[in-house]
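Observations on the model geometry
Each chain, written out:
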Amino acid sequence: MTKLIDLKKNDNIEECAKCIKNGGVMIFPTETVYGIGTNALDKEAVDKIFTVKGRKSDNPLIVLVSNTIMLDKIVSNINEIHRKLIENFWPGPLTIIFDKKDVLPENVTGGFDTVGVRIPGNSLTRKIIEKIGVPITAPSANISGKLSIIDASIAYREFNGKVDYIIDGGLSDIGIESTIVKVEDGIVKILRCGSILKEDIEKLGIEVEFSSIPSRNNKHYDIESDAIVVTVEDKDIIHKIDEYISNNTDKKIGIIGSCKNYDVFSSRVDKYIKFDEDNIMKNLYNILNEAKEADIDVFLIESVKNTNESQVIMNKLMQVSNNKII
Ligand code: TXA
Ligand code: MG
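Below is a summary of the structure that appears in this document. (Residues numbered from 1 in each chain as written. Chains lettered and ligands numbered in written order. Predicted model: local features only at pLDDT ≥ 70, side-chain atom pairs only at ≥ 80, totals over all residues. Heavy atoms only, no water.)

Once that is clear, we can look at the sheet that holds strand E2 (residues 26–28). Read from one edge to the other, the open sheet built from 4 strands follows the order E1-E9-E2-E3, with strand pairing classed as mixed. Looking at strand neighbours, the two that pair on one side only are strand E1 (3–6) and strand E3 (35–37), the edges of this open sheet. For this sheet the average axis-to-axis angle between neighbouring strands, irrespective of direction, equals 25 degrees. Along the sheet, helix H1 (residues 14–21) makes contact with E1, E2, E3 and strand E9 (165–168), crossing E9 at roughly 135 degrees. Helix H6 (residues 152–159) rests against E1, E2, E3 and E9 of the sheet, and its axis sits at about 165 degrees to E9. (Pairing = 2+ DSSP bridges. Helix = DSSP H or I, 4+ residues; strand = E, 2+ residues; numbered from the N terminus. Axes fitted to C-alpha atoms, helices over the stretch in contact; angles between N-to-C directions. Contact = heavy atoms within 4.5 Å.)

Written as structure tokens, this is what we have:
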């Protein structure tokens, strides 16, 4: 049976911590998205995570620690650049790939000799890890190929009966997964974009390049209908969407768009999901979930461009649309 813990009500986590240390499985909050946690040093416990998530065993899990002493126990060869990243971005949403030590069972990293680690920014998450006393696994709390979860009630719907504990810590503050980086030949390679941007790292005087995750799961942003990003200048967006609607009267069309275009299009399409450009990162998975649940053939998604976060949001939107644009 799955037990629920509500951190807002100060529910006691002692019993949960003991269970996880001994190989139990929990859904827990972080500042990025909810994660699936167990004792990362326990091979059999780690196997359960792959089963619960329906994840292929060669797709590595990332690991969370609550301090750098715990980090030193599981990774080796920490260099100058790693240290700079740690000092500037931890605790926080930056996962760094390190060489792994043998204490970490092989199944955690899917056979890779490296492991992605971070100290999470959410202090409640750090407190949970401290109580457990060992590094914990932290893949996003979604069945493989489904959208990530930022809200415990959705976690409950998907995972009730499948895990020992679900810990409700409220909505995730950031709302998208951590930025993942790897240091190679003195250069920081961004394997996955998150809220820590290329420029944030460059400010430290480090060279940064975009790269990609080796075993990329492209279905991660699947909203179960077609999607097209409308990437044009502001004044043309209305014209482009208008043209698409007129030429596709046989389709059920939805729009994920700005508040300002709601009045223009909401009565002409089957679903209009509004976003507020200043808050889109935090709400991205709610928006995508709403889109997934709607019975629509194709979603037109307005591009975003006016905030610091535009670059990372556009990266995610292009994955939602499988790079389809008009
Ligand atoms: O914000 C986050 O990072 C969330 C929270 C819950 O911690 N977790 C998360 O985990 O997004 P996951 O498993 O959904 O995504 C981690 C990605 C996967 O695509 C995996 O293939 C990649 O990181 N990855 C993990 N270890 C790696 C490694 N050693 N080298 C390269 N890529 C790695
Ligand atoms: Mg994930």
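Attention now moves to the packing of helix H10 (residues 280–293) against helix H11 (residues 310–320). Between H10 and H11, whose axes approach to 11 Å, the crossing angle comes to 15 degrees. If you check the angle between H10 and H11, you find them roughly parallel. In this structure, the crossing between H10 and H11 has a hand that is right-handed. Residues Ile280, Met281, Leu284 and Leu288 of H10 pack against Val312, Ile313, Lys316, Leu317 and Val320 of H11. Its residues assigned to classes, the contact of H10 with H11 comprises 8 nonpolar, no polar and 1 charged. (Parallel < 35°, antiparallel > 145°, perpendicular 65-115°, else oblique. Left-handed = near helix turned anticlockwise from the far one by under 90°. Nonpolar A, V, L, I, M, F, W, Y, C, P; charged D, E, K, R; others polar.)

Next up on the list: the packing of aromatic side chains. Using the criterion set out here, one finds 3 aromatic pairs in the structure. On the numbers, 6.3 Å between centres and 70 degrees between planes, the contact of tryptophan 90 with phenylalanine 98 is edge-to-face. Judged on exposure class, the residue tryptophan 90 and its partner phenylalanine 98 are both buried. Ring centres of tyrosine 262 and tyrosine 272 lie 5.2 Å apart, and the angle between their planes is 90 degrees; this geometry places the pair in the edge-to-face category. Of this pair, tyrosine 262 sits in helix H9 (residues 262–265) while tyrosine 272 sits in strand E15 (residues 271–275), and the two are 10 residues apart along the sequence. For tyrosine 272, a relative accessible area of 11% corresponds to the buried category. (Phe/Tyr/Trp six-rings, centres within 6.5 Å; stacked < 30°, edge-to-face > 60°. Buried < 20%, exposed > 50% of the residue type's maximum accessible area, 1.4 Å probe, protein only.)

Our focus in this paragraph is the pattern of salt bridges. Going through the model one piece at a time under the given rule, you end up with 16 salt bridges. For glutamate 184, the salt bridge is made with lysine 189, and the minimal N-O distance between the two is 3.0 Å. (Salt bridge = Lys/Arg side-chain N within 4 Å of Asp/Glu carboxyl O.)

All right, on to the nonpolar core then. Ranked by size, the top nonpolar core spans 64 residues in total, and within it Met26, Leu85 and Ile201 carry the most contacts. With 32 residues, the next largest nonpolar core counts Ala227, Met281, Ala291 and Leu317 among its residues. (Core = buried A, V, L, I, M, F, W, Y, C linked by side-chain atoms within 4.5 Å.)

Residue proline 91 is reached from tryptophan 90 by a cis peptide bond, and omega for that bond is -10 degrees. Not every positive phi belongs to a glycine, and asparagine 323 is a case in point at roughly 65 degrees. Looking at the element boundaries, asparagine 323 is found in the segment after H11.

This brings us to H6. Every buried residue belonging to H6 is among Ala152, Ile154, Ala155, Glu158 and Phe159, and all of these are buried. Projected onto a plane normal to the axis of H6, the buried residues spread over an arc of 155 degrees and lie on a single side. In this structure, the buried residues of H6 make contact with E2, E3, helix H2 (43–53), E9 and H10. (Arc of directions from axis to C-beta.)

Attention now moves to the site of ligand 1. Taken together, 23 residues surround ligand 1, and among them Thr32, Arg55, Asn59, Ser140 and Ser178 come closest. Alanine 138 is positioned such that a nitrogen or oxygen atom in its backbone is 3.0 Å from a nitrogen atom of ligand 1. Between ligand 1 and serine 140 there is a distance of 2.7 Å, counted from an oxygen atom to a side-chain nitrogen or oxygen. Taken by itself ligand 1 offers 680 Å² of open surface, and the protein chains cover 97% of this. Of all the secondary structure elements, the ones that give two or more residues to the shell around ligand 1 are strand E7 (114–118) and strand E11 (187–192). The element best represented in the shell around ligand 1 is E7, accounting for 3 residues. Split into classes, the residues belonging to the shell around ligand 1 amount to 12 nonpolar, 7 polar and 4 charged. (Near = heavy atom within 4 Å. Polar contact = N/O pair within 3.5 Å; in protein donor to acceptor, adjacent residues only side chain to side chain. Areas by Shrake-Rupley, 256 points an atom, 1.4 Å probe, with all protein chains shown as cover.)

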